[in-house]
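# Per-entry structural report
In case you want the letters, here they are:
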Amino acid sequence: AVEMEDVEALGIIETISVASTIVAADAAAKAADITLTEIRLANGIGGKSFVLMVGDVPNVEAAVDAGVNIIKDEGLLIRFVVIPQLHEDMRQKIV
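Report on the accompanying structure. As the structure is a prediction and not an experimental result, all values here were calculated from the model.

Conventions we followed
- Counting starts from 1 at the beginning of each chain's written sequence and moves along it residue by residue.
- Local features in this predicted model are restricted to residues whose pLDDT is 70 or higher, and side-chain atom pairs enter the listing and the counts only when it is 80 or higher, whereas totals over whole chains, interfaces and linings include all residues.
- By convention in this description, side-chain values take in all heavy atoms of the structure and omit both hydrogens and water.
- Elements are defined by DSSP. Helices are runs of H or I of four residues or more, strands are runs of E of two residues or more, and each kind is numbered from the N terminus.
- For the radius of gyration, the atoms used are the C-alpha atoms, and the globule rule reads 2.2 Å times the number of residues raised to 0.38.
- Partly exposed describes any residue whose relative accessible area lies between the buried limit of under 20% and the exposed limit of over 50%, with all areas from a 1.4 Å probe on protein chains only and scaled to the type maximum.

## Regarding the overall build of the protein chain
For the protein chain, the helix and strand inventory stands at three helices and four strands. Helices and strands in the protein chain line up, N terminus first, as β-α-β-β-α-β-α. Relative to its length of 95 residues, the protein chain is compact, with a C-alpha radius of gyration of 12 Å against a globular reference of 12 Å. With the C-alpha coordinates aligned to their principal axes, the bounding extent of the protein chain is approximately 35 × 25 × 20 Å. Counting all 95 residues of the protein chain, 37% fall into the buried class.

Laid out in structure tokens, this is it:
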């Protein structure tokens, strides 16, 4: 379980396929000290999927970079973002 005080940032990677989200999530988890909080697969028509990860800002940035870099050249990336300094209400909803 993730302790709320350890959650400084939220990282999101959204892709257009289940497989690419799994690959991105795996790369992110291996690259940095983060916690994957959700992997939503095949959300809607076409297999659109996303992964959420939390941790401190540098680790979330490194994890998102790793996940994005492994899939970006395949044209399967929709968007990615790192949100630093999450508001307390957001932390409670995500963790």
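## Quick word on unusual backbone geometry
Its identity is not glycine, yet Gln85 carries a phi of approximately 50 degrees, on the positive side. Within the secondary structure, Gln85 sits in the loop between strand 4 (77–84) and helix 3 (88–94).

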